[in-house]
Number of protein chains: 2
Amino acid sequence: MTVTIYDVAREAGVSMATVSRVVNNNPNVKPQTRKKVFEAIERLGYRPNAVARGLASKKTTTVGVVIPDISNSIFAEVARGIEDIANMYHYNIILCNADKKKEKEIRVINTLLEKQVDGLLFMGGVVTADHIQAFRTSSVPVVLCGTKDEEQTMPSVDIDHEKAAFDAVNVLIAAGHRDIAMISGTLQDPANGFARYQGYKKALDAAGIELRDEYVRIGNYRYESSVDAVKYFLELSPRPTAIFSATDEMAIGAIHTIQDSGLKVPQDIAVISVDNIRMASMVRPTLTTVAQPMYDIGAVSMRLLTKLMNKESTDNMQVILPHEVIYRNSVTQA
Amino acid sequence: MTVTIYDVAREAGVSMATVSRVVNNNPNVKPQTRKKVFEAIERLGYRPNAVARGLASKKTTTVGVVIPDISNSIFAEVARGIEDIANMYHYNIILCNADKKKEKEIRVINTLLEKQVDGLLFMGGVVTADHIQAFRTSSVPVVLCGTKDEEQTMPSVDIDHEKAAFDAVNVLIAAGHRDIAMISGTLQDPANGFARYQGYKKALDAAGIELRDEYVRIGNYRYESSVDAVKYFLELSPRPTAIFSATDEMAIGAIHTIQDSGLKVPQDIAVISVDNIRMASMVRPTLTTVAQPMYDIGAVSMRLLTKLMNKESTDNMQVILPHEVIYRNSVTQA
DNA sequence: CTGTTAGCGCTTTCAC
DNA sequence: GTGAAAGCGCTAACAG
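Just so it is clear, the structure is predicted and the values come from calculations on it, not from any experiment. (Residues numbered from 1 in each chain as written. Chains lettered and ligands numbered in written order. Predicted model: local features only at pLDDT ≥ 70, side-chain atom pairs only at ≥ 80, totals over all residues. Heavy atoms only, no water.)

Q: Before we go on, may I ask you to explain the relation of the copies chain B and chain A in this structure?
A: Two chain copies, one operation linking them: a rotation about an axis together with a shift along it. The two copies are related by a screw operation: chain B maps onto chain A through 180 degrees of rotation and 0.1 Å of translation along the axis, at an RMSD of 0.1 Å. Expressed as a symmetry operation, the mapping of one chain copy onto the other fits a two-fold axis. Both copies present the same face, since 100% of the interface residues in chain B are matched by interface residues at the equivalent positions in chain A. (Least-squares fit on C-alpha atoms with pLDDT ≥ 70 in both. Contact = heavy atoms within 4.5 Å.)

Spelled out as structure tokens, the structure:
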């Protein structure tokens, strides 16, 4: 039924070992023999069985990628970076969505490990002790991308979220704003949540602006969640003249809510955030934001993982990539 | 080093077969024995090797999903539907991005087949003879989702794109429009391209409106591509009073281009499209569009695939799911 | 209810 | 350059 390496060997009049060598590009095969084998493969329509190969060689040339939320375009962009480098090094990637659920993340990590992936990339989200525990039960290398663990003991690739937020708020301050509200993510989230909030606080602090509790609302990163936050801000007095959103998606929700209330962005209220998703240049006004290099985060973390899988020495296990303010039209420049 | 089923057997004082039964939830094990085995597993930290299991059982409980473009939110939503049903039937899914490149699609299909997936889901895009050929070289079932092949010989789940487009254009006609332009996808694409164009043509025809060549521009489904199309339309005389876009993303580009030119949507030019991506309710004005049930397309195709993998009989191999007009604010209702 | 025994399809020494 | 043979870790008859 299915044609195996043995069938090919017989058809070509050689041993399985030789066929294996040909398939794996081992140079120790006479060109003529190689040709015979290729012909037999062609004739029989042989397709190597990666499962059998994986069992025999104890390598699958596959890396597992756990993605917290497949419908989030940020992760999609990171995934592209991962893919490109993976292809370059001849690894296949298997992407597993975890729905932003911790329990599912752990389950997915275990599934991937059972499938004997050669390495693991864990994207975004919170990295708990349970995650670390799951990683430890395996012997394959793991790289965190777009996040890091509390103790910073694991290899990771990320931006400096606090500094990014700091820079964003400073754009607002430089434009003359003093009444600056923030739509934050949950403070439980060390990267997109807590760190960005810290950056906001420090920027205000550095400018001698007092932090006002009612100027901070917690959202869930979704468009809808910023609608409520902004409605709340709109009732305040003094009403904020600028809003710093932890993410672009919430910023876009903010812009629309402001506009729906009859106010103008940036004239009445300026808006800035961090991420630079594709949509940021698709709204009106276009969104001023701090870009994180999503593709590079993916690419660099995959590259780091290849080194780890090859047991190459690596100097820097905790990579921080640079970010950059993208000036568009949701903040009036000074 | 790695602990195997054999180690567990020894530790628990039973045979490998018994351990295998316990791990696979085979009822033919005395509760007490089962307990002993579980304890041994726990003590040793045993994790079953899915690769070995796959080789021995010739089943991987894994289905491969090829996704044309991971950064396209439509596919992401379809993927959610696939995932949910896959989990329900205890299949893992491995997602492979193909960058909308035919060559890469074929390569990915072959990789997946080498990995011995139990079934294949092929999402969106054009299905050529080469694709069919690749599918045929394998013995596992394949379901197309969100697309279909020319000859409709393969199992598939999709909407009636032509009818969806027809309905969209009719909304415009019902609102009194006669000068209706279209931003189409490539006519090579049977689903999102050709079929939607056909629907446009037929709707005009049914209303006795003559088709004008200059009222049709071809885009590439991206936001940017509709900018040029709309600029072209704006110069025309008579200027169209409504635009039908083959996809939401291009429709959003259209709306912004119209607004940037100083005109208003829907007062000066109405816009409608097909898809209903999340962003459709996030733009201003919110986008009137024909919704395709993305989650369901994924869910139904995965369900169909499970039936095929179990060799259950299935009456309907070419499923067409219903679509629905979502009235929002980019078309003034009559 | 449990153990024995063949493989699954391939890689990988080790000889020749 | 090539072949023989021993597994990789597990499942699946088949016995008992």
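Q: Honestly, helix H3 (residues 31–44) of chain A in this entry has me stumped. Any pointers?
A: Side chains that are three or four residues apart share a direction in an α-helix, a result of its 3.6 residues per turn. All names here are of chain A. Counted at 1.5 Å a residue, the expected span for H3 with its 14 residues is 20 Å, and the 20 Å between its end C-alpha atoms agrees. For H3, the complete set of buried residues consists of Thr 33, Arg 34, Val 37, Ala 40 and Ile 41. Summarising the axial view, the buried residues of H3 lie within an arc of 125 degrees, below the 170-degree limit, and thus occupy one face. For H3, the exposed residues set more than 90 degrees away from the buried face come down to Pro 31, Gln 32, Lys 35, Glu 42 and Arg 43. Along its buried surface, H3 packs onto helix H1 (5–12) and helix H2 (16–23). Trailing H3 by a residue or two, Gly 45 shows a phi angle of about 65 degrees, which is positive. (Helix = DSSP H or I, 4+ residues; strand = E, 2+ residues; numbered from the N terminus. Expected span 1.5 Å × (residues − 1). Buried < 20%, exposed > 50% of the residue type's maximum accessible area, 1.4 Å probe, protein only. Arc of directions from axis to C-beta.)

Q: Is there a simple way to explain the protein's contact with DNA strand D in this structure?
A: Not every one of the 27 residues close to DNA strand D is listed here, only the nearest: A:Thr18, A:Arg21, A:Thr33, B:Ile5 and B:Tyr46. Of what DNA strand D places within 4 Å of the protein, 63% of the atoms are sugar or phosphate. B:Asn24 is positioned with one of its side-chain polar atoms (N or O) 3.1 Å from a phosphate oxygen of DNA strand D. In the model, a phosphate oxygen of DNA strand D is placed 3.2 Å from a nitrogen or oxygen of the B:Asn49 main chain. (Near = heavy atom within 4 Å. Polar contact = N/O pair within 3.5 Å; in protein donor to acceptor, adjacent residues only side chain to side chain.)

Q: What is the right way to read the protein's contact with DNA strand C from this model?
A: The immediate surroundings of DNA strand C are formed by 26 residues, with A:Ile5, A:Ser20, A:Tyr46, B:Arg21 and B:Thr33 found nearest. Counting only the atoms of DNA strand C within 4 Å of the protein, the fraction contributed by sugar and phosphate is 62%. In this structure, A:Ser20 approaches DNA strand C through a side-chain N or O atom, which is 2.7 Å from a phosphate oxygen. Contact between DNA strand C and B:Leu55: a base oxygen at 3.4 Å from a main-chain N or O atom of the residue. If you list the elements that add at least two residues to the surface near DNA strand C, you get H2 and helix H4 (50–57) of chain A together with helix H2 (16–23) and helix H4 (50–57) of chain B. The element contributing the most residues to the surface near DNA strand C is H4(A), with four residues. In the surface near DNA strand C, the residues fall into 12 nonpolar, 10 polar and four charged. (Nonpolar A, V, L, I, M, F, W, Y, C, P; charged D, E, K, R; others polar.)

Q: Explanation requested: the packing of aromatic side chains in the structure shown.
A: A ring pair, where both rings are aromatic, is described by two values, the distance of the centres and the angle of the planes. Residues and elements named next belong to chain A. Tallied over the entire structure, the rule returns eight aromatic pairs over all chains. Here Phe 122 and Phe 135 contribute two aromatic rings whose centre-to-centre distance is 5.8 Å and whose plane-to-plane angle is 70 degrees, an arrangement assigned as edge-to-face. Note that Phe 122 is positioned in strand E3 (residues 119–123) and Phe 135 in helix H7 (residues 129–136), a separation of 13 residues in sequence. With respect to class, Phe 122 is no different from Phe 135; both count as buried. Centroid distance Tyr 232 to Phe 233: 6.2 Å. Interplanar angle 65 degrees. Geometry classified as edge-to-face. Under the relative-accessibility criterion, Tyr 232 is labelled partly exposed at 30%. Linked through ring pairs, Tyr 197, Tyr 200 and Phe 244 together constitute an aromatic cluster. Lying over the aromatic face of Tyr 232, Arg 217 brings its terminal NZ or CZ to 3.7 Å of the ring centre. (Phe/Tyr/Trp six-rings, centres within 6.5 Å; stacked < 30°, edge-to-face > 60°. Lys NZ or Arg CZ within 6 Å of the ring centre and 35° of its normal.)

Q: How should I be thinking about empty space enclosed by the protein in this particular structure?
A: Unoccupied space between atoms shows up once a probe the size of one water molecule is rolled over them. For the structure on display, the rule yields one cavity of 30 Å³ or more. As a volume, the largest cavity reaches approximately 40 Å³. For the lining of the largest cavity, a count of residues per class yields seven nonpolar, two polar and no charged. (1 Å grid on protein atoms, 1.4 Å probe; cavity = no way out; pocket = protein on both sides within 12 Å on 5 of 7 lines; lining within 4 Å. Points joined across faces, edges and corners; volume = space filled by probe spheres on them.)

Q: Could you clarify how one ought to interpret the environment of A:Asn316 in this entry?
A: All names here are of chain A. For Asn 316, the location among the structural elements is in the loop between helix H12 (294–309) and strand E11 (318–321). Classification of Asn 316 by relative accessible area gives partly exposed; the value is 40%. Reaching out from Asn 316, the side chain makes a polar contact with the backbone nitrogen of Gln 318 at a distance of 3.2 Å.

Q: Would you take a moment to explain the side chain of A:Thr314 for this structure?
A: Residue and element names in this part refer to chain A. Mapped onto the fold, Thr 314 is located in the loop between H12 and E11. Judged by relative accessible area, which is 19%, Thr 314 ranks as buried. Residues in contact with Thr 314, not counting those within four places in the same chain, are Leu 304, Lys 307 and Leu 308.

Q: What should I look at first to understand the sheet that holds strand E6 (residues 180–184) of chain A in this one?
A: Note: strands within a sheet are paired through backbone hydrogen bonds, in either parallel or antiparallel orientation. Residue and element names in this part refer to chain A. Read across the sheet, six strands follow the order E7-E6-E8-E9-E10-E12 without closing on themselves; strand pairing throughout is mixed. Edge strands, defined here as strands with exactly one partner in the open sheet, are strand E7 (216–218) and strand E12 (324–326). Taken pair by pair, the neighbouring strands of this sheet meet at an average axis angle of 20 degrees, ignoring direction. Relative to strand E8 (residues 242–245), E6 is paired through four bridges, and the arrangement is parallel. (Pairing = 2+ DSSP bridges. Axes fitted to C-alpha atoms, helices over the stretch in contact; angles between N-to-C directions.)

Q: Teacher, can you tell me more about the interface of chain B and chain A here?
A: Across the contact, 50 residues belong to chain B and 50 residues belong to chain A. Carbon and sulfur atoms make up 51% of the surface buried where chain B meets chain A, a total of about 4,400 Å² over both sides. Taken together, chain B and chain A are joined by 30 residue pairs in polar contact (both at pLDDT 80 or more). At the level of secondary structure, the elements contributing two or more residues to the side of chain B that touches chain A comprise H4, helix H5 (73–88), strand E2 (92–97), helix H6 (102–114), helix H10 (223–235) and helix H11 (248–260) of chain B. Take the side of chain B that touches chain A: its biggest share by element is six residues, from E2(B). (Buried area = accessible area lost by both parts, 1.4 Å probe.)

Q: Which parts of the structure should I look at to understand the pairing of E2(B)?
A: The side chains of a regular strand alternate, residue by residue, between the two faces of the sheet. Residues and elements named next belong to chain B. By the criterion of burial, E2 is predominantly enclosed, with five of the six residues buried. Both strand E1 (residues 62–67) and E2 contribute to a ladder of six bridges, which runs parallel. Opposite Val 65, over in E2, you have Leu 95 as the bridge partner. Tracing the backbone out of E1, into H5 and back to the parallel element E2 gives a crossover that is right-handed. (Right-handed = clockwise from strand over helix to strand, strands pointing away.)

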